[in-house]
Amino acid sequence: MKHIKIPATKFEINPLILNRWSPRAFFQKAISQDKIFSLFEAASWAASAMNEQPWRYVAVLKENEGEFQKLVDCLTPVNAVWAKNAALLLISGVTMHYSSNQKPNASALHDLGLANQNLILQAQSFDIYTHIMGGFDKDKAAGFFDADKNIVPVCMMALGYLGDPSSLDETLQQRENSPRSRRELSEFLQVL
Ligand SMILES: Cc1cc2nc3c(=O)[nH]c(=O)nc-3n(C[C@H](O)[C@H](O)[C@H](O)COP(=O)(O)O)c2cc1C
């Protein structure tokens, strides 16, 4: 059965933000090409310092078995065990310098985060769930980007339609079923 985890919030938030969470169980259904391009179109409309758009992506569909397995092989074993069932895997990276003058771009990671969140919320609007992963081999992943362009891989992401947690082993099922929690606003916010 599909497992939807909607937390209780104190204040009203957009349903796309409310419904998003990071699952490990994916339903075996492909994502259409149109939807995939919509995800990256959404990413492209993020704000970025000097409109540099420093984000770079490598995306591989599960159907492309050989390349897909190469992305799975970049992941740490604890991530690979469930992420191999995603419909789409991607590596997101950044160029750390402005293309106009080669100066360091201190906002590059920030701007990749904006693009990734656009992509994630666009996916959520299609009922496609996303799970970001920092647990992967950065050197291996860098090999997917143009070596001359100094692109730094930042995180990988598994995407797919929501699956049944009973497809996971016991430990992962427990994580999948655990409630979601967040800090109180007062821990990170001062309204003056
Ligand atoms: C930069 C980053 C790295 C992450 N790395 C991993 C990872 O390697 N494996 C994993 O299972 N989840 C990973 N996550 C997912 C977080 O654990 C998850 O977002 C967090 O626990 C909050 O849960 P939620 O996304 O379901 O709200 C990562 C998330 C981010 C943003």
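Please refer to the structure higher up on the page.
What counts, and where the lines are drawn
- Residues numbered from 1 in each chain as written.
- Predicted model: local features only at pLDDT ≥ 70, side-chain atom pairs only at ≥ 80, totals over all residues.
- Heavy atoms only, no water.
- Buried < 20%, exposed > 50% of the residue type's maximum accessible area, 1.4 Å probe, protein only.
- Helix = DSSP H or I, 4+ residues; strand = E, 2+ residues; numbered from the N terminus.
- Arc of directions from axis to C-beta.
- Contact = heavy atoms within 4.5 Å.
- Core = buried A, V, L, I, M, F, W, Y, C linked by side-chain atoms within 4.5 Å.
- Axes fitted to C-alpha atoms, helices over the stretch in contact; angles between N-to-C directions.
- Parallel < 35°, antiparallel > 145°, perpendicular 65-115°, else oblique.
- Left-handed = near helix turned anticlockwise from the far one by under 90°.
- Nonpolar A, V, L, I, M, F, W, Y, C, P; charged D, E, K, R; others polar.
- Pairing = 2+ DSSP bridges.

Caption draft 1: Expanded view of helix α3 (residues 65-72). Among all positions in α3, only Phe-68, Leu-71 and Val-72 are buried. Along α3, the residues classed as buried sweep out an arc of 105° about the axis, all on the same side. Of the surrounding elements, those touching the buried residues of α3 are β1 (55-61), α4 (77-83), β2 (88-95) and β4 (151-161).

Caption draft 2: Expanded view of the nonpolar core. Core analysis: the biggest nonpolar cluster contains 24 residues, and Trp-82, Leu-89, Met-133, Met-156 and Ala-158 have the highest contact counts within it. For this core, the secondary structure elements donating two or more residues are β1, α3, α4, β2 and β4. The next biggest cluster of nonpolar side chains, apart from the first, holds 22 residues, and it includes Phe-40, Ala-87, Val-94 and Ile-120.

Caption draft 3: Region of the structure containing the packing of helix α2 (residues 33-44) against helix α5 (residues 108-125). Close contact between α2 and α5 brings their axes to 7 Å; oriented N to C, the two are set at 140°. Considering their axes alone, α2 and α5 lie oblique with respect to each other. When the axes of α2 and α5 are compared, the crossing they make is right-handed. Only Ala-115, Asn-118, Leu-119, Gln-122 and Ala-123 of α5 make contact with α2, whose side of the interface consists of Ser-38, Leu-39, Phe-40, Ala-42 and Ala-43. Among the residues making up the contact of α2 with α5, the classes are represented as seven nonpolar, three polar and no charged.

Caption draft 4: The arrangement of the pairing of β4 in detail. Most of β4 sits inside the fold, with nine of its 11 residues counted as buried. Where β2 and β4 come together, eight bridges link them in antiparallel fashion. Looking across to β4, one finds that Thr-95 is bridged to Ile-151. Two strands pair when backbone bridges link them, and strand β3 (residues 128-133) and β4 are joined in this way by six bridges, in the antiparallel orientation. Note on β4: the bridge partner recorded for Tyr-129 is Gly-160.

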